[in-house]
Each structure stands twice: as C-alpha cells, then as structure tokens.
Amino acid sequence: MSSATDDRVDAIVIGAGISGLAAATELAKAGRRTIVLEKSRGIGGRMATRRIGAAVCDHGAQFFTVRTRAFGATVADAHAAGVVRTWCDGFSRLADAEGAIEPAGDGHARWCGTLGMTDLPKRLAATLPPDLVEVRTGVQAAAVGLVDGGLAVTLEVKAGEAPRVLGARGLVFSCPVPQSLDLLAAGDAFGALDGAAVETLRGIDYDPCFALMLVLDRPSQVPPPGGIQLASGPITWVGDNLQKGISTVPALTIHASGDFSRDSFDADPAAVTAELESLAAAWIGGATVVERSLQRWKFAQPRVIVPAPFISPLAAPPIACCGDAFKGPRVEGAACSGQATGRWMGRLLADER
C-alpha cells in the first residue's frame, strides 16, 4: 500500500489487524509518520475471509457489535461506503447436547463485512493517508530493541541478505501479547522495561482455535439466521456462510472450543478435520462435503481481558501493547484499544518534538 520511503519514522505498528489499523488511523490524524508491519500476505488478522473453490468463508471472527461511540463512527463510515452491514440481532443457542435450541435474537445488532469479515480492516487500510502511513505486508519483525534513545525493529530476512532495521520514536504492538514479549526479549529490551507492566503482560494468555471450513453440495441444517452458538462441548460455533450472505454456495465454518483445540493442537490435521466433521454431523445434515480446509489459530481468544485500553511497559521511548486482550473482548474491544493507543502515542510523540 505505499508510500513512506524513509525507514526512520515517528511510529511503527506491529500487526495489521483491526487494533493495529485503528492505532495507525489515530497516529495519522495526529500527523505522525507511521509504518505498519504485517507478517501475513494480507491484512485483517483474525478478521479473516477465505475462498475455497466457489465458496467464501469467514474463518476467524464471525461478527462484531457496536456499543461505543468511537467504534460506531468507524462502522458508520464503513457502512456508508457499503463495506459492512447488519447481519442479524442474535443467534440460536444450544445450552447442552440434550437441550432444545434456543431461538435467535436479543435485539442487539450483529454486523459483518458485506463480502466477508476482512472488509472492515481493508476499509481502514484504504483510508490511511499514503503520505503518512505505509502498510507493509509479508514483513515479519524479528526483534525490538533500544538504540540511541529510540527504537529499532530488526526484520527477518532470507539467508544471505543484509540485516534490515527500521527506526522509530515510538512503537505499538497490536499482535498477540506473547509474540510482543518474544520480540522484546529478542532485542534485549527487558532491562529497560517497567517490571510491573511486564508481569501483567506475562499474565495474558490465549486459547487456540481450530476453524474447519466445509463446502457442501446442498444447504446445511444450521437454523436461521445462519449461526448457532454451543455453550458446551468440543464445538462452540457453527456458521452458515450462505445464509450469512457472503458465499453463493453452501459452506460452513466450525469453531472448536479452546480445550479441544489445545488438546489437539499438534495432532494430525486430517484426524482433527475428521473428528470435527463428525461432531458437526447434525448441522451438515444430509449434505455431502465436497471440499474441506482447516485453519489453526494459535492465539484465537484471550483468556484474560485487561480493563485498561493498553499497557505501556516503557514511557521513553514509548512502547504500548494493545489488541483484543485489552479494553473489551472481540472486534469492538480490539478496535477501541487500538484507537486509544494511537491517540495516546500521537500526543506523546508530539510532546517529544
């Protein structure tokens, strides 16, 4: 996405999920030149959409809510651009395997991307001013260290290539917290950090999640409006991407529970696929599975939510950790965390000029 050519900038954001892009948006509003680094080829993080043959599946976050003014403004802009829409006002729920299905609807809107969940982060990236913000995909940070009163981000390079280092006056981690701590450790930065902040960050861990995508030859048995939440057992969610309106052919997304995913994380993917498919047989119904794809999310859902919007383990030069483990859970919490972090960092960098 282009344009900054100077590798010494005001701020670097690691991670181009919703929180990192929200932070970059606020940094741009403050006039701070920023580079966003994303190790994947695309942006969006766990707001992820994948095409499997003729089907389209959301395989990370399935929807989002709007309860805050700041995130509401972001969603209103995206809605006006035709990028997001309301899906429904709640989903069917199954309390246990022997219980009856509770009907959908609690009166609170659930939103989704018009073509997939990745649409909202793509909208945020597209509205970043190219003279201030550059988003680099397929670029992975290897270490974060302190150099001459600033920050140095060392990038991973191929064997035989010269080392590449980016400099900045401030840094935002929007990637999962354990990855952030690993980068700081690799850069020998821990000695300068606030010990209490580091201990809080070390207490944040995540549940993994398997997401199994199945393309079917006929409609599924998932009840309207296309999603069912399971309160117990190895499966927590079954979503119908056809009913959701993002796929033109029947396709399911099945999310495994944190316990199942943790216990099976290193198991043979084919065995995991077969087991989840068997467990979801009631929702597949009489349909034949024509294609399958299994996604393994290592940091899918934070087990601890820090009430603060971010944690700064270092004030000078400023470093902040934000994301879905802060402020509030899921998409809206991550976005609000990123917004608050970007505003704080933007003000702080202005004061340092």
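Report on the accompanying structure. (Residues numbered from 1 in each chain as written. Predicted model: local features only at pLDDT ≥ 70, side-chain atom pairs only at ≥ 80, totals over all residues. Heavy atoms only, no water.)

Focus: the pattern of salt bridges
One pass over the full model with this rule turns up 15 salt bridges. Two residues, Arg303 and Asp207, come together in a salt bridge whose shortest N-O distance is 3.5 Å. Here Arg303, found in the loop between β17 (289–302) and β18 (311–315), pairs with Asp207, found in strand β13 (residues 206–216); they are 96 residues apart in sequence, far enough to count as distant. Between Arg218 and Asp217 there is a salt bridge; the shortest N-O distance is 3.4 Å. A residue is classified by how much of its surface remains accessible, and Arg218, at 42% relative accessible area, is partly exposed. One network of salt bridges, in which partners are shared, links Asp205, Asp207, Asp259, Arg262 and Arg303. (Salt bridge = Lys/Arg side-chain N within 4 Å of Asp/Glu carboxyl O. Helix = DSSP H or I, 4+ residues; strand = E, 2+ residues; numbered from the N terminus. Buried < 20%, exposed > 50% of the residue type's maximum accessible area, 1.4 Å probe, protein only.)

Some thoughts on the pairing of strand β15 (residues 235–240)
When you tally the buried positions in β15, you get 5 out of 6 residues, the bulk of the element. Two strands pair when backbone bridges link them, and strand β14 (residues 227–230) and β15 are joined in this way by 3 bridges, in the antiparallel orientation. The residue of β15 that forms the bridge with Ile228 is Val238. Count of turn residues in the β14/β15 antiparallel hairpin: 4 residues, of which Gly233 carries a positive phi of about 100 degrees. The pairing of β15 with strand β16 (residues 251–256) spans 5 bridges and is classified as antiparallel. Bridged to Val238 within β16 is Ile254. (Pairing = 2+ DSSP bridges.)

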